[in-house]
Amino acid sequence: MRLQVTIQATDFKDTCPCTTSRSLSPFGIPKSAEAEEKKNNEPDLEDTDKATAQDKQPSFRDTLSSESLKSPTKENSIGMQFRLLPGGTFMMGEGNESHQVTLKKPFQLGVYEVTQKQYEKVLGMNPSKFKGQQKPVEHVSWDDAVEFCRRLSELPAEKADGYIYRLPTGAEWEYACRAGTTTKYSFGDSDTYLGDYAWYRNNSDKTTHPVGQKKPNPWGFYDMHGNVWEWVDSKNRARGGTFLMSITSYLTSSTEVSGSGLSSGDVGFRVVRSSIK
């Protein structure tokens, strides 16, 4: 199933200076960006045929039995929580554009979107329009998100513990968002339950909300749908949807934003932590 999603500046008022019209699919990426997405992930990924991938796709029950997913989250020096995900195989994208992706290495992904409090601790400023220490930071560009990761990696406590930070790849983000499921959303195929997991146009009152207030996905990640778009490591690409989107366009989880220096009131990010010891 594919949808044509048009996001006009009038929908966002002064929160988003961009206009984009893209053909998108559940959890997927724009068709024109498919080749680039695969290329960017080639060092850590393997692509094979769909039939093999569907055979290897873990069942919902199997994903919950993983010991690494039962383990406690890890906290860093500024209070960010991370969950370790094992490597695995899943179908990325939808329909004719779907392809098997294998993540060869485990990685630690932030349980929540980066908050305004955390952003201010690292960079000494809070650019967000919708103020609130536990709300996701927004009005951050891709360049800002990368700089946050760099500065966080340079904190003495993080250097001492041997951790560095970066934005997730599109494949890592989608793997965590799908959480081992093959349904439209990680919680099933029905739009009825979207409000239990996401802040979107029907329940957000056109503002962001503190992270972690909705239900997590099966792997324990919050706000993978809604609240703010999330930058990934490919420039100009964000994933996950926003508090301003309606159900009819909410099946999409990727967009392109013009310019890595652009920021808007509905784009934030979460980060990956890696150990160099």
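Engineer: Looking at this model, I keep getting lost on the overall build of the chain. Mind explaining?
Structural biologist: Scanning the chain for helices and strands turns up 10 helices and 13 strands. Taken across its 277 residues, the chain has 55% of its residues classed as buried. Across the chain, the fraction of contacts at a sequence separation of at least 24, relative to all contacts at a separation of at least 6, is 67%. Looking at the chain as shown, the accessible area adds up to about 11900 Å², and 49% of this sits on carbon and sulfur atoms.

Engineer: How do you make sense of the packing of aromatic side chains when you look at a structure like this?
Structural biologist: In this description, a pair of aromatic rings is defined by centroid distance and the angle of the planes. According to the stated counting rule, one finds 11 aromatic pairs in the structure shown. Seen in terms of ring centroids, Phe107 and Tyr175 are 6.3 Å apart; in terms of plane orientation they differ by 50 degrees. Their pairing is tilted. One end of the pair, Phe107, is in strand 7 (residues 107-110); the other, Tyr175, is in helix 9 (residues 170-178), and 68 residues separate them in sequence. A single burial state applies to Phe107 and to Tyr175, both of which are buried. Plain terms: the ring middles of Phe148 and Phe269 are 5.4 Å apart, the flat faces sit at 70 degrees to each other, and that makes the pair edge-to-face. You can see Phe148 sitting in helix 7 (residues 142-153) and its partner Phe269 sitting in the loop between strand 12 (267-268) and strand 13 (272-275), a full 121 residues away along the chain. Overall, the relative accessible area of 0% leaves Phe148 in the buried class. For Phe269, a relative accessible area of 0% puts it in the buried group. An aromatic cluster is built from Phe90, Phe107, Tyr175 and Trp219, whose rings are joined through pairwise contacts. Directly above the aromatic system of Trp199 lies the positively charged group of Lys214, at a separation of 4.1 Å from the ring centroid. Taking NZ or CZ as reference, Arg273 lies 3.7 Å from the ring centre of Tyr163, over its face.

Engineer: Would you mind going over the pattern of salt bridges with me for this structure?
Structural biologist: Working definition: two side chains of opposite charge can pair if their charged atoms are close together. Counted according to the given criterion, the structure contains eight salt bridges. For Arg178, the salt bridge identified is with Glu174, shortest N-O distance 2.9 Å. Here Arg178 and its partner Glu174 are both found in helix 9, four residues apart, which amounts to about one turn of the helix. Note on accessibility: Arg178 and Glu174 belong to one class, buried. The salt bridge partner of Arg270 is Glu230, with a shortest N-O separation of 2.7 Å. Here Arg270, found in the loop between strand 12 and strand 13, pairs with Glu230, found in strand 9 (residues 229-231); they are 40 residues apart in sequence, far enough to count as distant. As far as burial versus exposure is concerned, Arg270 and Glu230 are alike and both buried. Salt bridges here are not isolated pairs; linked through shared partners, they connect Glu147, Arg150, Arg151 and Glu154.

Engineer: Looking at this model, I keep getting lost on the sheet that holds strand 8 (residues 163-166). Mind explaining?
Structural biologist: Within a beta sheet, neighbouring strands are joined by backbone hydrogen bonds and run either parallel or antiparallel to one another. Strand order across the open sheet formed by five strands is 3-4-7-13-8, with antiparallel pairing between neighbours. Edge positions in the sheet fall to strand 3 (74-75) and strand 8, since each of these pairs with one other strand and no more. When strand 8 meets strand 13, the two strands line up antiparallel, connected through four bridges. Bridged to Tyr163 within strand 13 is Ser275. Its contacts with the sheet put helix 9 on strand 4 (81-85), strand 7, strand 8 and strand 13, and the angle it makes with strand 7 is roughly 70 degrees.

Engineer: What am I meant to see in helix 6 (residues 116-123) here?
Structural biologist: Side chains that are three or four residues apart share a direction in an α-helix, a result of its 3.6 residues per turn. Taken as a whole, helix 6 has its buried residues at Gln116, Gln118, Tyr119, Val122 and Leu123. The arc that holds every buried residue of helix 6, seen down its axis, measures 160 degrees, which confines them to one face. A positive backbone phi angle near 75 degrees is found at Gly124, which sits one or two residues after helix 6.

Engineer: Is there a simple way to think about the nonpolar core in this case?
Structural biologist: Soluble globular proteins tend to pack their nonpolar side chains together in the buried interior. Judged by nonpolar contacts, the single largest core of 23 residues is most densely connected at Met80, Val114, Tyr119, Phe148, Trp231, Phe269 and Val271. Counting 18 residues, the second-largest nonpolar core is a separate cluster that includes Leu85, Cys177, Trp219 and Val232.

Engineer: Would you take a moment to explain unusual backbone geometry for this structure?
Structural biologist: One non-glycine residue with positive phi stands out, namely Asp223, at about 60 degrees. Mapped onto the elements, Asp223 comes out in the loop between helix 10 (194-197) and strand 9.

Engineer: Would you take a moment to explain the environment of Ala198 for this structure?
Structural biologist: Relative to the helices and strands, Ala198 is located in the loop between helix 10 and strand 9. Expressed as a C-alpha distance, the spacing of Ala198 and Met224, which sit 26 residues apart in the sequence, is 7.8 Å.

Engineer: Is there a simple way to explain the confidence of the model for the chain in this structure?
Structural biologist: When pLDDT is averaged along the chain, the result is 79; 69% of the residues meet or exceed 70. Every residue in residues 50-65 is under pLDDT 50, and counting partners more than four places away or in other chains gives 29 contacts.

Engineer: I tried to follow the side chain of Arg270 on my own but got confused; where do I start?
Structural biologist: Residue Arg270 is classed as buried on the basis of its relative accessible area, which comes to 0%. A polar contact is formed between the side chain of Arg270 and the backbone oxygen of Val111, at a distance of 3.0 Å. At a separation of 2.6 Å, a polar atom in the side chain of Arg270 contacts the main-chain carbonyl oxygen of Tyr222.

Parameters and conventions
Residues numbered from 1 in each chain as written. Predicted model: local features only at pLDDT ≥ 70, side-chain atom pairs only at ≥ 80, totals over all residues. Heavy atoms only, no water. Helix = DSSP H or I, 4+ residues; strand = E, 2+ residues; numbered from the N terminus. Buried < 20%, exposed > 50% of the residue type's maximum accessible area, 1.4 Å probe, protein only. Contact = heavy atoms within 4.5 Å. Areas by Shrake-Rupley, 256 points an atom, 1.4 Å probe, with all protein chains shown as cover. Phe/Tyr/Trp six-rings, centres within 6.5 Å; stacked < 30°, edge-to-face > 60°. Lys NZ or Arg CZ within 6 Å of the ring centre and 35° of its normal. Salt bridge = Lys/Arg side-chain N within 4 Å of Asp/Glu carboxyl O. Pairing = 2+ DSSP bridges. Axes fitted to C-alpha atoms, helices over the stretch in contact; angles between N-to-C directions. Arc of directions from axis to C-beta. Core = buried A, V, L, I, M, F, W, Y, C linked by side-chain atoms within 4.5 Å. pLDDT = per-residue confidence, 0-100. Polar contact = N/O pair within 3.5 Å; in protein donor to acceptor, adjacent residues only side chain to side chain.

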